[in-house]
Amino acid sequence: MRCAFRRPFTARIAAGLVLGGLFLGTAFSSQLSDDFAALESRNLGLPLPGLKRADLRDTFDEGRANGKPHEATDIMAPRGTPVLAIGDGTVTKLFYSRFGGNTVYEFDPLETYCYYYAHLDRYAPGIREGMPVRKGDVLGYVGSTGDARPDAPHLHLAIYRLGPEKHWWQGTAINPYPLLMNILDEQR
Ligand SMILES: [Zn+2]
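For clarity, every value in this text was computed on a predicted model and none was experimentally measured.

Peer 1: Just give me the short version of the overall build of the chain, but keep the residues and values in it.
Peer 2: Check the secondary structure of the chain and you find two helices and ten strands. Listed by position from the N terminus, the elements making up the chain come as α-β-β-β-β-β-β-β-β-β-β-α. The buried share among the 188 residues of the chain stands at 30%. Contacts in the chain between residues at least 24 apart in sequence constitute 64% of all its contacts with a sequence separation of at least 6.

Below is the structure:
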């Protein structure tokens, strides 16, 4: 008899966990689709000139040697290729980090999102913190600073939804890959 009591109870807990998981999963994916729609409405541009669909690969979920989730799109390109602002905004922070090398953190005009460009060989002349930039402005040049392999220069592009404190170093990563593919589709 004990088993007969236990089983439904266990089943109820299991059902609750499944439903809770579904609810959280749905809330999470609807936030992501809100982000996607919000970023789409910003009419973003490409971070490298002449980018083609074949140049892009979804590297968001790949692991990295430093143990952190990648949460970005890597785009291989020759060293010195200009890196362009993907949207209007403000250069909030120029920062050298061990992993990212020379990096740019650009806030969008509403300070909802941060566009992050890493491994830059160098910054564009005149780029400085606090400076407003327009979509397509040159921020720097592709390189391999930080933990990128010297023989594999690339742009590491990430997009973060900023928290209420608007800290440039904190945010929720949003996959740039589908956004970039959409931009390329619209150009055809
Ligand atoms: Zn990367």
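Peer 1: Any chance you could break down the nonpolar core for me, citing the residues and the numbers?
Peer 2: Membership of the largest hydrophobic core comes to 34 residues, with the highest contact counts inside it found for Leu48, Val83, Tyr116, Tyr117 and Leu155. When residues of this core are traced back to their parent elements, those giving at least two are strand E2 (82-84), strand E4 (101-107), strand E5 (113-120), strand E8 (138-141) and strand E9 (154-162).

Peer 1: Now, about the sheet that holds E8: what can you tell me, with residues and values included?
Peer 2: One open sheet accounts for three strands, arranged E2-E8-E6; its pairing is antiparallel. Unpaired on one side and paired on the other, E2 and strand E6 (122-123) mark the two borders of the sheet.

Peer 1: Can you lay out the environment of Phe95 for me, pointing to particular residues and giving the numbers?
Peer 2: Position of Phe95 relative to the elements: it lies in strand E3 (residues 89-97). Judged by the 16 C-beta atoms lying within 10 Å of it, Phe95 is partly exposed. If near-sequence neighbours (up to four positions away) are discounted, Phe95 is found in contact with Thr103 and Tyr105.

Peer 1: So what's going on with the confidence of the model for the chain? Which residues, and what values?
Peer 2: In the predicted model, the chain carries a mean pLDDT of 88, and the fraction of residues at 70 or more is 85%. Every residue in residues 1-9 is under pLDDT 50, and counting partners more than four places away or in other chains gives zero contacts.

Peer 1: How would you explain unusual backbone geometry if you had to name every residue and give the values?
Peer 2: Notably, Glu111 is not glycine yet its phi reads approximately 55 degrees, a positive angle. Here Glu111 is to be found in the loop between E4 and E5. Since 12 C-beta atoms lie within 10 Å of it, Glu111 is described here as exposed. Despite not being glycine, His119 shows a phi value in the positive range, around 70 degrees. With respect to the helices and strands, the residue His119 is situated in strand E5. Residue His119 is classed as buried on the basis of its 25 C-beta neighbours within 10 Å.

About the cut-offs
- Residues numbered from 1 in each chain as written.
- Predicted model: local features only at pLDDT ≥ 70, side-chain atom pairs only at ≥ 80, totals over all residues.
- Helix = DSSP H or I, 4+ residues; strand = E, 2+ residues; numbered from the N terminus.
- Buried ≥ 20, exposed ≤ 12 C-beta atoms within 10 Å, placed from the backbone.
- Contact = placed C-beta atoms within 7 Å.
- Core = buried A, V, L, I, M, F, W, Y, C linked by C-beta atoms within 7 Å.
- Pairing = 2+ DSSP bridges.
- pLDDT = per-residue confidence, 0-100.

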